Protein chains: 2
Amino acid sequence: MPRKAVSKSEDNGGEKVYTADIIKKAVLEKMKNLGERVYRDLVRGSFPELDIPSRTTKNIVYNEELRQYVLGGKMKERTTRNIRHLRPFAQLLWIASFAKRLLEAGKTSTLRDTYYVAIGEGIDFEDQDESDEMIMELESIIDSPREDFNIFPEERAAIYGDLVIEYTVPGFRGKRVDLSSHPDGFAIGPALTTAEFVKCGAEVLFVIEKGAVFSRFVEEGADKKYKALLLHTAGQSPRNARKLIRRLHEELNLPVYIFTDADPYGVHIASVLIHGSALSAHIKGINIPDAVWAGVWASDITRYKLPSMKLSDQDIKRLSELEQDPRYQTDPWRKEIKEFWRIKRKAELEAFSKYGLDFIVKEFLPERLAELQKR
Amino acid sequence: MPRKAVSKSEDNGGEKVYTADIIKKAVLEKMKNLGERVYRDLVRGSFPELDIPSRTTKNIVYNEELRQYVLGGKMKERTTRNIRHLRPFAQLLWIASFAKRLLEAGKTSTLRDTYYVAIGEGIDFEDQDESDEMIMELESIIDSPREDFNIFPEERAAIYGDLVIEYTVPGFRGKRVDLSSHPDGFAIGPALTTAEFVKCGAEVLFVIEKGAVFSRFVEEGADKKYKALLLHTAGQSPRNARKLIRRLHEELNLPVYIFTDADPYGVHIASVLIHGSALSAHIKGINIPDAVWAGVWASDITRYKLPSMKLSDQDIKRLSELEQDPRYQTDPWRKEIKEFWRIKRKAELEAFSKYGLDFIVKEFLPERLAELQKR
């Protein structure tokens, strides 16, 4: 059944108001509150202070309701009473003021770019790591991902399929594009991430690690056969692509299936999409707990007699890390990690081409989907 | 003056014939000739033999007319008379037959993918390096890049701007898309690489190494201000993007300006676009001799007082290599490499953000273009 997206835009006396506008307004409001808190203290003649959520591993807990790792209640106090806190306090305020300017100007930036602007404005960051850290602190304080204050990743995923979007970014507001009009895929940058979904004929979303396999799915017509949107992460999924996948799942009710290589890195790519990354435990809404890792599993290597390679030392190291990680203590993760240890081999998505280029779409895909739906 | 592209498609009794079709037909013809040569020998009862262009550095020479490095006249003989030649001979024929099947089926593949198909069909390749080598031998024998027999890179560049294209790939033949309709950019895969240019309002092409700077150019309206197409290589440009840039230059007469980081890797990215890479000296038509490296130059670091970092050991190593390379013996390369040695520092494209996000488009870009046009 094709889904028709309900546009969330509201009429506001002529000018359309998009979800992206509402998010932007809410974030600006939070920035304003942050500024006012500091300002009030200063006017009162007291030292400004902030409570900042602690982002250490000890303060990361699993939230059953959200089905993701989140920060616990531990806070660290940052007070201008302490001379050693003054520098990070000022850095944080500058980041917030820069974010505010970005939102007001309708411009975007990246972590790297922000660092250079800071240098230009005489803000004393030791290196980019330090400004990145402040951006993450701001995320945790205002409880919004940095994409919501227009700081986007450098990397680009791409998407293709039966979905019409409407842009909300300056210069393109109200314009629409049909994502089935370019089979190589639409790069997912600031404009696509913040677009509204207008009309969707797709019923499922396939998320694919590799460009070659994305092309294969397009060429074999997987988008039509399964009424599927195809999204190519180009390795580890950029954060804004994770956010987009979440929106496609929530707003359009699309089930999400993830296809990665059968190696510890592929396991990690799938898991970050599903459980979130440790680095972003302070961010809600960019993981997809309902998404399903559909392969390639370690057990598929034997089952499909896939051409495989020995696990490298780095794979082994990563596998040991996965084994310790609380996110991998249930099946299929536990079972598949065990299988990796048993066979000590890995295989790529392209390995199915052993049985011909169309095997992955014509044989593997229907088999796997049927199997997952029986669960 | 906006250019109107002259479509090269011809009417062929109803079914349109695209340039891509003509290329495909020519490549199939070359494959057929290759097969016939071997077959004829077999029928005659003599040992099949092939002369294969030598791709060693000693056989790479600069061709003044083509303004690129090409292979010299040195050939190596591969004869089935020699038992040690039998294996690579058979491997090469299999690659050619696979390429023929790809073209006939209208499907694409990658180097990696091809390796797995080979395994599946019982072809004895030690590893992927060996099958890659055979694909490059086939390129050199039939004098066509592998994209012309549908083997494409995994990586994706992206493009945005005032250009309407018409697809030639199965399922999309005759459909058109306006590349100004998606500001995050259209991924450049098999469909875009082989598309015809139908209508172009752009007068120049800016090729940009970094995603952040591509977004900056879009947001600051560089496409409109300069009537520019914007192409984002995402680091080293994938081969098919190089081919596309060449086509945009040749078919639409667009001047090409390249923007990279000011570091030895950025120099290399620009130079490969202009002179071709040593690895593809056996391929014609995927470099752009008229393209201009527009920055960031080593000399810009001092001139614009850009935030900079010390060259790493790897940068130093790469710089020494560049110094030995015949492609870098003229200015601006020689001059800028000298400057790198003098200051021993590097800077990124984003470093211009020191002067505000819009500086790179509003100040640097017009200054640099004026300067280059005076030369």
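Calculation criteria
- Residues numbered from 1 in each chain as written.
- Chains lettered and ligands numbered in written order.
- Predicted model: local features only at pLDDT ≥ 70, side-chain atom pairs only at ≥ 80, totals over all residues.
- Heavy atoms only, no water.
- Helix = DSSP H or I, 4+ residues; strand = E, 2+ residues; numbered from the N terminus.
- Rg over C-alpha atoms; globule rule 2.2 N^0.38 Å.
- Buried < 20%, exposed > 50% of the residue type's maximum accessible area, 1.4 Å probe, protein only.
- Contact = heavy atoms within 4.5 Å.
- Pairing = 2+ DSSP bridges.
- Axes fitted to C-alpha atoms, helices over the stretch in contact; angles between N-to-C directions.
- Domains from an automatic or database assignment.
- Buried area = accessible area lost by both parts, 1.4 Å probe.
- Salt bridge = Lys/Arg side-chain N within 4 Å of Asp/Glu carboxyl O.
- Polar contact = N/O pair within 3.5 Å; in protein donor to acceptor, adjacent residues only side chain to side chain.
- Least-squares fit on C-alpha atoms with pLDDT ≥ 70 in both.
- Phe/Tyr/Trp six-rings, centres within 6.5 Å; stacked < 30°, edge-to-face > 60°.
- Lys NZ or Arg CZ within 6 Å of the ring centre and 35° of its normal.
- Core = buried A, V, L, I, M, F, W, Y, C linked by side-chain atoms within 4.5 Å.
- Expected span 1.5 Å × (residues − 1).

1. Some thoughts on the overall build of chain A
Right, so step 1: For chain A, the helix and strand inventory stands at 13 helices and 17 strands.
Right, so step 2: Relative to the compact-globule value of 21 Å for 375 residues, chain A shows a C-alpha radius of gyration of 22 Å, a close match.
Right, so step 3: Overall, chain A is about 75 × 55 × 40 Å in size when its C-alpha atoms are taken along their principal axes.
Right, so step 4: Taken across its 375 residues, chain A has 58% of its residues classed as buried.
Right, so step 5: Considering only contacts in chain A between residues 6 or more positions apart, those separated by 24 or more positions represent 74%.

2. Things to note about the side chain of H249(A)
Right, so step 1: Mapped onto the fold, H249(A) is located in helix α8 (residues 239-252).
Right, so step 2: Not counting chain neighbours up to four residues away, the residues in contact with H249(A) comprise L254(A), P255(A), V256(A), I288(A) and D290(A).

3. A word on unusual backbone geometry
Negative phi values dominate among residues other than glycine, just as trans dominates among peptide bonds.
Right, so step 1: At the junction of D331(A) and P332(A), the peptide bond is cis and its omega measures out at 5 degrees in the coordinates.
Right, so step 2: Structurally, P332(A) can be placed in the loop between α11 (313-324) and α12 (333-343).
Right, so step 3: Although it is not a glycine, A234(B) adopts a positive phi angle of roughly 55 degrees.
Right, so step 4: Structurally, A234(B) can be placed in the loop between β13 (228-232) and α8 (239-252).

4. Side note on the sheet that holds strand β8 (residues 163-166) of chain A
Residues and elements named next belong to chain A.
Right, so step 1: With respect to topology, three strands assemble into an open sheet ordered β9-β8-β11, the strand pairing being antiparallel. What marks the edges here is a single partner per strand, and that holds for β9 (176-178) and β11 (196-200). In this sheet, neighbouring strand axes are inclined to one another by 25 degrees on average, regardless of whether the strands run parallel or antiparallel.
Right, so step 2: Both β8 and β11 contribute to a ladder of four bridges, which runs antiparallel. By the bridge assignment for β11, L163 is matched with C200.
Right, so step 3: Each of β8 and β11 touches α8; the most contacted strand, β11, lies at about 55 degrees to it.

5. Things to note about the domain arrangement of chain A
Residues and elements named next belong to chain A.
Right, so step 1: Split by domain assignment, chain A resolves into domain 1 (16-149) and domain 2 (157-374).
Right, so step 2: Centre-to-centre separation of domain 1 and domain 2, based on C-alpha positions: 31 Å.
Right, so step 3: Across the contact, 24 residues belong to domain 1 and 28 residues belong to domain 2.
Right, so step 4: Overall, the association of domain 1 and domain 2 removes approximately 2,200 Å² of surface from exposure, summing both partners, and the carbon and sulfur fraction of that is 52%.
Right, so step 5: At the boundary of domain 1 and domain 2, one finds seven salt bridges.

6. Considering the environment of P238(A)
Residues and elements named next belong to chain A.
Right, so step 1: Tracing the backbone through its elements, the reader meets P238 in the loop between β13 (228-232) and α8.
Right, so step 2: Take P238: its relative accessible area is 6%, and that puts it in the buried class.
Right, so step 3: Expressed as a C-alpha distance, the spacing of P238 and A157, which sit 81 residues apart in the sequence, is 6.8 Å.
Right, so step 4: When residues no more than four places from it in sequence are discounted, the contact partners of P238 are P153, E155, R156, A157 and T233.

7. Digging into the sheet that holds strand β9 (residues 176-178) of chain B
Residue and element names in this part refer to chain B.
Right, so step 1: A sheet is described by the order of its strands in space; here three strands give the open sequence β9-β8-β11, paired in antiparallel fashion. The open sheet terminates on both sides in strands that have one partner only, identified here as β9 and β11 (196-200). Averaged over all pairs of adjacent strands, the angle between strand axes in this sheet comes to 25 degrees, irrespective of strand direction.
Right, so step 2: In this sheet, β9 lies alongside strand β8 (residues 163-166) in antiparallel orientation, the contact comprising three bridges. By the bridge assignment, I165 is partnered in β9 with V177.
Right, so step 3: The strands touched by α8 within the sheet are β8 and β11, with β11 carrying the most contacts at an inclination of about 55 degrees.

8. What about the interface of chain A and chain B?
Right, so step 1: Opposite the 50 residues of chain A that make contact, chain B presents 50 residues.
Right, so step 2: For the chain A and chain B pair, buried surface summed over both sides reaches about 4,000 Å², with 52% attributable to carbon and sulfur atoms.
Right, so step 3: Applying the counting criterion to the chain A and chain B interface returns six salt bridges.
Right, so step 4: Here E348(A) and R112(B) are joined by a salt bridge, their closest N and O atoms 2.1 Å apart.
Right, so step 5: The interface formed by chain A and chain B contains 34 residue pairs in polar contact (both at pLDDT 80 or more).
Right, so step 6: For the side of chain A that touches chain B, the secondary-structure elements that each account for two or more residues are α2 (83-105), α3 (111-120), β7 (157-160), β10 (186-188), α5 (190-193) and α6 (211-219) of chain A.

9. Some remarks on the relation of the copies chain A and chain B
Right, so step 1: When chain A is brought onto chain B, the operation consists of a screw motion whose angular component is 180 degrees and whose axial shift is 0.0 Å, with 0.0 Å RMSD remaining. Expressed as a symmetry operation, the mapping of one chain copy onto the other fits a two-fold axis. It is F186(A) whose C-alpha, among those of chain A, lies nearest the rotation axis, at 2.4 Å.

10. Quick notes on the environment of R37(A)
Right, so step 1: Position of R37(A) relative to the elements: it lies in helix α1 (residues 19-44).
Right, so step 2: On a C-alpha basis, the gap between R37(A) and E371(A) in space is 55 Å, while along the polypeptide they are 334 residues apart.

11. Examining the packing of aromatic side chains
Right, so step 1: Scanning the model with the defined rule gives 38 aromatic pairs over all chains in all.
Right, so step 2: With 6.0 Å between their ring centres and 85 degrees between their planes, F206(B) and F217(B) make a pair best called edge-to-face. Of this pair, F206(B) sits in strand β12 (residues 204-208) while F217(B) is found in helix α6 (residues 211-219), placing the two residues eleven residues apart along the sequence. Residues F206(B) and F217(B) agree in their burial class; the two are buried.
Right, so step 3: The rings of F206(A), F217(A), Y226(A), Y257(A), F259(A), Y304(A), F352(A), Y355(A), F359(A) and F364(A) are connected pair by pair, giving a single aromatic cluster.
Right, so step 4: Sitting over the face of the ring of F172(B), K175(B) holds its NZ or CZ atom 5.0 Å from the ring centroid.

12. Observations concerning the environment of A278(A)
All names here are of chain A.
Right, so step 1: By the secondary structure assignment, A278 is in the loop between α9 (264-275) and β15 (292-295).
Right, so step 2: Given a relative accessible area of 44%, A278 falls into the partly exposed group.
Right, so step 3: Not counting residues within four places of it along the chain, the set of residues in contact with A278 comprises I60 and R327.

13. Observations regarding α6(B)
All names here are of chain B.
Right, so step 1: By the criterion of burial, α6 is predominantly enclosed, with eight of the nine residues buried.
Right, so step 2: Within α6, the full set of buried residues consists of G211, A212, V213, F214, S215, R216, F217 and V218.
Right, so step 3: Directly beyond the C-terminal end of α6, a positive phi value near 70 degrees is found at G221.

14. Describing the nonpolar core
Right, so step 1: Counting 209 residues, the largest nonpolar core has F206(A) and F206(B) as the members making the most contacts within it.
Right, so step 2: If we skip the residues at most four places from it in the chain, F206(B) touches F217(B), Y226(B), A228(B), L229(B), L230(B), L231(B), Y257(B), F259(B), L365(B) and L369(B).

15. Digging into the pattern of salt bridges
Right, so step 1: The tally for this structure, following the rule as stated, stands at 80 salt bridges over all chains.
Right, so step 2: Note that K346(A) is salt-bridged to D315(A), the shortest N-O span being 2.8 Å. Here the residue K346(A) occupies a position in strand β17 (residues 345-346), and D315(A) occupies one in helix α11, the gap between them amounting to 31 residues.
Right, so step 3: Residue class for D315(A) comes out buried when judged on its relative accessible area of 9%.
Right, so step 4: One connected set of salt bridges, linked through shared partners, spans R112(A), K210(B), D261(B), E348(B) and E350(B).

16. Concerning helix α4 (residues 128-142) of chain A
Residue and element names in this part refer to chain A.
Right, so step 1: Taking 1.5 Å per residue, 15 residues should reach 21 Å; α4 reaches 21 Å between its end C-alpha atoms and fits that length.
Right, so step 2: Within α4, twelve of the 15 residues are buried, which leaves it mostly tucked inside the rest of the structure.
Right, so step 3: For α4, the complete set of buried residues consists of Q128, S131, D132, M134, I135, M136, E137, L138, E139, S140, I141 and I142.
Right, so step 4: Two residues or fewer after α4 comes D143, characterised by a positive phi angle close to 60 degrees.

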